[in-house]
Amino acid sequence: MSLFQNAIIIMMLIVAAGFLSLTEIALAGARKVKLKILAESGDERAQKVLDLQAQSADFFAASQIGLNAVAILGGILGEAAFRPFFVELIDRVYDGPWTETIGFSLSFTFVTSLFILFADLMPKRLAMIAPEKIAVSVIEPIQIFIKVCKPLAWLINAIANMLFRLFKVNT
């Protein structure tokens, strides 16, 4: 694949991770009082958000599955896509045994920085501005995402619950 094609894929992965980050904070931060007022005024989506907040284990498991899968895939693709570009740049000023390592480090740092900035920090800050409005807006697609991830989320939650019991952690 070309650098352009890889950059497009990385941008799509960043958008997907950003959506999940935004959703996670909005759904966790949406205040029940405001949601109840919206639900009582006839907004069915607000009631769906309240229902999801009451049973949030599947959502948080699905969210973590999505975020981690996208970040790992982004790291793999991003490093492979951008390392040759950085190695070529480094070759212009340095010709030695560390060229590949420096290229890898720069590629890793570049891709990680993109994900931190655009898929984590900025979406979470946006979600904190108006969590109820965002939560109500994203509830429909996130419910579909939860259904898709449900089998794996169930397994992960079962393992987590078993570990909590094993270590006598009251949940």
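See above for the structure.
Residues numbered from 1 in each chain as written. Predicted model: local features only at pLDDT ≥ 70, side-chain atom pairs only at ≥ 80, totals over all residues. Heavy atoms only, no water.

Which residues make up the overall build of the chain, and what are the values?
If you tally the helices and strands in the chain, you get six helices and zero strands. Shown N-terminal to C-terminal, the secondary structure of the chain runs as helices and strands in the order α-α-α-α-α-α. For a compact globule of 171 residues, the expected C-alpha radius of gyration is about 16 Å, and the chain comes in at 20 Å, more than 25% above that figure. Taken along its principal axes, the extent of the C-alpha atoms in the chain is 65 × 40 × 25 Å. (Helix = DSSP H or I, 4+ residues; strand = E, 2+ residues; numbered from the N terminus. Rg over C-alpha atoms; globule rule 2.2 N^0.38 Å.)

Which residues make up the pattern of salt bridges, and what values do they have?
Inspection of every chain in the model, using the stated rule, returns eight salt bridges. Note that Arg83 is salt-bridged to Glu100, the shortest N-O span being 3.1 Å. Taken together, the residues Arg83 in helix α4 (residues 57-93) and Glu100 in helix α5 (residues 99-129) connect sequence positions 17 residues apart. We classify Arg83 as partly exposed; its relative accessible area is 25%. Among the ionic contacts, a cluster of salt bridges with common partners joins Glu79, Arg83 and Glu100. (Salt bridge = Lys/Arg side-chain N within 4 Å of Asp/Glu carboxyl O. Buried < 20%, exposed > 50% of the residue type's maximum accessible area, 1.4 Å probe, protein only.)

For the packing of α4 against α5, give the residues involved together with the corresponding values.
Put simply, α4 and α5 touch, their axes get as near as 7 Å, and they point 135° apart. With respect to α5, the element α4 is oriented oblique. In this structure, α4 meets α5 at a crossing whose hand is right-handed. Along the contact surface, α4 presents Val70, Ala71, Gly74, Gly75, Gly78, Glu79, Phe82, Arg83, Phe86, Val87, Ile90 and Asp91, while α5 presents Thr99, Glu100, Ile102, Gly103, Phe104, Leu106, Ser107, Phe110, Val111 and Phe115. Looking at side-chain class alone, the contact of α4 with α5 contains 12 nonpolar, six polar and four charged residues. (Axes fitted to C-alpha atoms, helices over the stretch in contact; angles between N-to-C directions. Parallel < 35°, antiparallel > 145°, perpendicular 65-115°, else oblique. Left-handed = near helix turned anticlockwise from the far one by under 90°. Contact = heavy atoms within 4.5 Å. Nonpolar A, V, L, I, M, F, W, Y, C, P; charged D, E, K, R; others polar.)

Tell me about the packing of helix α1 (residues 3-29) against helix α6 (residues 131-166), and please be specific about residues and values.
Contact pair α1 / α6: the axes reach a minimum separation of 8 Å and the direction vectors enclose 120°. In terms of axis orientation, α1 runs oblique to α6. α1 and α6 meet at a crossing whose hand is left-handed. Judged by residue contacts, Phe19, Leu20, Leu22, Thr23, Ala26, Leu27 and Gly29 of α1 engage Pro131, Glu132, Ile134, Ala135, Val138, Ile139, Pro141, Ile142 and Phe145 from α6. Across the contact of α1 with α6, the residue classes tally to 13 nonpolar, two polar and one charged.

Outline the nonpolar core, supporting the account with residue identities and numerical values.
Grouped together as the largest cluster of nonpolar side chains are 36 residues, with contacts concentrated most on Leu27, Leu35, Val49, Leu52, Phe115 and Ile142. Of all the secondary structure elements, the ones that give two or more residues to this core are α1, α3 (44-54), α4, α5 and α6. The residues contacting Phe115, other than those within four sequence positions of it, are Ile10, Leu13, Ile14, Ala17, Val70, Ala71, Gly74 and Asp120. (Core = buried A, V, L, I, M, F, W, Y, C linked by side-chain atoms within 4.5 Å.)

Provide a residue-level description of the side chain of Asn157, including the pertinent values.
Summarising the element assignment, Asn157 is placed in helix α6. For Asn157, the contacting residues outside a window of four places in its chain are Ala57, Asp58 and Ala61.

Could you give me a rundown of the environment of Lys32, with the residues and numbers involved?
By secondary structure assignment, the location of Lys32 is in helix α2 (residues 32-40). On the accessibility criterion, Lys32 (49% relative accessible area) is partly exposed. When sequence neighbours within four positions are dropped, the list of residues in contact with Lys32 reads Leu50 and Gln53.

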